[in-house]
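Each chain is listed here by its residues.
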Amino acid sequence: MLKMLIEPNIERPCSINMNEQIQGHATDALVIGAGFAGIAAATSLAHKGHRVTVLERHDHAGGRCRVFKTDGFTFDMGPSWYWMPDVFEEYFTMFGADVHKELDLVRLDPSYKVWFDDAPWSVAAEFESLKSQFEAIEPGAAAQLEAFMEEARVKYAIGMGQFVRKTAHSPIEFAQASTLYNATKLTLFKSFSEHVRRYFKHPKILQLMEFPVLFLGAKPEQTPALYSLMNYADTMLGTWYPMGGMHEIVRAMVRVAEQHGVVFEYGVEVASIEAKGNAVSGVRLKDGTEWAASTVVAGADYHHVEQHLLPPAYRRYDASYWEKRTMSPSSLLYYVGVDRRVPGLEHHNLFFDTPFGPHAETIYDSKTWPENPLFYVSAPSVTDASVAPAGCENLFFLIPVAPGLTDEPGLRERYFDELVSRLEVHTGVDIRPHIVYQRSFAHEEFISDYSAFKGNAYGLANTLMQTAFLKPKMRSKLPGLFFTGQLTTPGPGVPPSLISGDVAANEADRYLKRTRKATRREPQSASIG
């Protein structure tokens, strides 16, 4: 069992009843999973004065944002987009750290490159330049872009300022007059597709504007227009990159967590969540080790925790509930190292050289493997020389696919060959003879590595009927157990996961304070009687 412990000399209140004999280990709070939400929850609880231990099944932190190194290449395994920099800045500031000292951030310009069937478009980072690009494609689109972004700015301010930090236990949380008034500005009942077509007509602009909602789990026709706030995050706040790779965010978060006394236990897997006296009492590991705690925050896959780790009496949802959930896409991924550079690629590359409609049908309707799919290529070595040997390219290919699919023999090889052929058409480079490393990752790995429900990559779809208090609840039926991460509020994505961890920690902190207060009253009542 790998263990990492930095425990500063801080006097911490203990909410475990130490009069009881405890087999194994004890702490105030346990966090299951060292992904973004789990680390955020642990750090927030430690910052509030509680003893916290994080239990992680893998040999290092990160969850879906793990990293591996081979043959001189450093591959980020999951998230590759650094959006909403304000959320990261707020996160580190909350714990007395400075994101600009913890991370070496660079803003990408162009933000990304879109490869259409006729010609590529390098999307300018600077807003005035982007307006000129829009105007060149569609007369009048520059002014429309300004109007669109102003409306999106209002949504971003309201959504990020007033809505995402709500626990969403009940509709009552949203019943305040000011909240209801601001909700009218969020265009919740209009589709994103309809909304964006109020402003633009050209197909290329429409595809560009609909791209940020691609992974939210529904077609633009079914996605609330609220999510134009993603366009604001993309265009106005910028696309950034932490030098060294996305896993540098995880390393920075772990450093800050340890400075606050969080203990990380790696290579340990939780087998069950234990209850005593109608409240959570800790967990049991697969090796039989017991951990006692007064509260548990589950940052692992919600479905897995509730359906497989929790006693049946405390499960809020059943199998039929989960089968009816609309999931965001899964992904077919390839990590590829080549021994030459690929001219023309930018850091982020979207290949929109085939129609999205048929691909979307396979993801959201027929739930089948796509033909001629859209795909994404991240080439971080364009920006960061440290992630590949000199003269080499680090490539990350991604095809969004429906959750719940199973591999067929030869399927991954067939798709990879298609992607490489289309890459050759656009760049003039056949990378096949130059590949020095290749690895794939899809549904079965999402399940085996993350216990991901149906092999999902991005959590629940952001449909209207799965928004806010209509998502799986953050608070378990078992008192003292809380959920965090992409299957509960506020939703999928790295910034929302940071927020989810902090909100769950606030809930767990309130629970600890209530139970500690009740425990202190009990002896007084006995002596008075």
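Residues numbered from 1 in each chain as written. Predicted model: local features only at pLDDT ≥ 70, side-chain atom pairs only at ≥ 80, totals over all residues. Heavy atoms only, no water.

This part covers the confidence of the model for the protein chain. In the predicted model, the protein chain carries a mean pLDDT of 90, and 89% of its residues have values of at least 70. Note that pLDDT drops below 50 for residues 1–23; the model gives that stretch 53 contacts with residues more than four away or on any other chain. A low-confidence stretch, residues 524–529 stays under pLDDT 50, and its non-local contacts, those more than four residues away or across chains, total 0 contacts. (pLDDT = per-residue confidence, 0-100. Contact = heavy atoms within 4.5 Å.)

This part takes up the packing of aromatic side chains. Applying the stated criterion across every chain, the model contains 42 aromatic pairs. Look at F482 and Y511: their rings are 6.1 Å apart centre to centre, the planes differ by 70°, and that puts the pair in the edge-to-face class. Here the residue F482 occupies a position in strand β21 (residues 481–483), and Y511 occupies one in helix α16 (residues 494–528), the gap between them amounting to 29 residues. Each member of the pair, F482 as well as Y511, is classed as buried. Directly above the aromatic system of Y415 lies the positively charged group of R414, at a separation of 4.7 Å from the ring centroid. Across from the ring centre of F68, 4.5 Å away, lies the NZ or CZ of R439, which sits over that ring. (Phe/Tyr/Trp six-rings, centres within 6.5 Å; stacked < 30°, edge-to-face > 60°. Helix = DSSP H or I, 4+ residues; strand = E, 2+ residues; numbered from the N terminus. Buried < 20%, exposed > 50% of the residue type's maximum accessible area, 1.4 Å probe, protein only. Lys NZ or Arg CZ within 6 Å of the ring centre and 35° of its normal.)

Okay, the environment of A279 next. Position of A279 relative to the elements: it lies in the loop between β12 (270–275) and β13 (280–285). Here the alpha-carbon distance between A279 and Y314, two residues 35 residues apart in the chain, equals 9.8 Å. Dropping the residues within four chain positions of it, A279 is found in contact with E274, L478, P479 and Y511.

Counting through the fold element by element, T43 comes out in helix α1 (residues 36–47). Within the structure, the side chain of T43 is placed 2.8 Å from the backbone oxygen of I39, a separation counted as a polar contact. Among residues more than four places away in sequence, those in contact with T43 are Y91, F95, M253, V256, A257 and V262. (Polar contact = N/O pair within 3.5 Å; in protein donor to acceptor, adjacent residues only side chain to side chain.)

Take the pairing of strand β6 (residues 73–76) next. Burial along β6 is two-sided: F73 and F75 and T74 and D76, pointing in opposite directions, are all buried. Where strand β5 (residues 67–70) lies against β6, 4 bridges are found, and the strand directions are antiparallel. Bridge pairing links K69 to T74 in β6. What sits between the antiparallel neighbours β5 and β6 is a turn of 2 residues, in which D71 has the positive phi angle 50°. (Pairing = 2+ DSSP bridges.)

Attention now goes to the sheet that holds strand β19 (residues 393–401). The strands making up a sheet associate through hydrogen bonds between their backbones, and the pairing can be parallel or antiparallel. Strands sit in the order β9-β8-β17-β18-β19-β16-β20 across an open sheet of 7 strands; the sheet is mixed. Single-partner strands in this sheet number two, and they are β9 (120–123) and β20 (435–441). Averaged over all adjacent pairs, the angle separating strand axes in this sheet is 20°, with direction ignored. In this sheet, β20 lies alongside strand β16 (residues 330–338) in antiparallel orientation, the contact comprising 6 bridges. Counted as the bridge partner of G337 is Y437 from β20. On top of the sheet, helix α14 (residues 411–427) reaches β8 (112–116), β16, β17 (348–352), β18 (375–378), β19 and β20; it is set at about 60° to β16, its chief contact. (Axes fitted to C-alpha atoms, helices over the stretch in contact; angles between N-to-C directions.)

Moving on, we come to the packing of helix α2 (residues 85–94) against helix α10 (residues 247–259). To describe two helices that pack against each other, one gives the angle between their axes and the distance between the axes. Close contact between α2 and α10 brings their axes to 11 Å; oriented N to C, the two are set at 20°. Between α2 and α10, the crossing angle belongs to the class labelled roughly parallel. The hand of the α2/α10 crossing is left-handed. Facing α2, whose interface residues are F88, Y91 and F92, α10 presents I249, A252, M253 and V256. (Parallel < 35°, antiparallel > 145°, perpendicular 65-115°, else oblique. Left-handed = near helix turned anticlockwise from the far one by under 90°.)

Of the residues making up helix α13 (residues 356–364), those classed as buried are F356, H359, A360, T362, I363 and Y364. The inward-facing, buried residues of α13 contact α8 (203–210) and β19.

Quick look at the nonpolar core now. Counting 114 residues, the largest nonpolar core has I39, F134, Y156, F200, M209, M253 and F264 as the members making the most contacts within it. The leading source of residues in this core is helix α5 (residues 141–163), at 9 residues. Here M209 is in contact with F134, L145, F148, M149, F192, V196, F200 and N231, once residues within four sequence places are set aside. Core analysis: the second largest hydrophobic core is formed by 28 residues, A298, Y302, L460 and L487 among them. (Core = buried A, V, L, I, M, F, W, Y, C linked by side-chain atoms within 4.5 Å.)

Now for the sheet that holds β12. Strand order in the open sheet formed by 4 strands is β2-β14-β13-β12, and the pairing between neighbours is mixed. In this open sheet, the two edge strands, each paired with only one partner strand, are β2 (25–26) and β12. When β12 meets β13, the two strands line up antiparallel, connected through 5 bridges. Bridged to S272 within β13 is R284.

On to the environment of R315, then. Structurally, R315 can be placed in the loop between α11 (302–309) and α12 (319–323). Distance from R315 to L478, taken between C-alpha atoms, is 8.0 Å for residues 163 residues apart in sequence. Those residues in contact with R315 that lie beyond four places of it in its chain are E306, Q307, H308, L310 and K477. From its side chain, R315 meets the backbone oxygen of Q307 in a polar contact 3.2 Å long. At 3.0 Å, the side chain of R315 and the backbone oxygen of L310 are in polar contact.

Taking 1.5 Å per residue as the helical rise, α1 with its 12 residues ought to reach 16 Å, and the 16 Å between its terminal C-alpha atoms agrees with that figure. Counting buried positions over the 12 residues of α1 gives 11, a clear majority of the element. Where α1 is concerned, the buried positions are F36, A37, G38, I39, A40, A41, A42, T43, S44, L45 and A46. Taken from the residues just after α1, G49 is the one with a positive phi, measuring 105°. (Expected span 1.5 Å × (residues − 1).)

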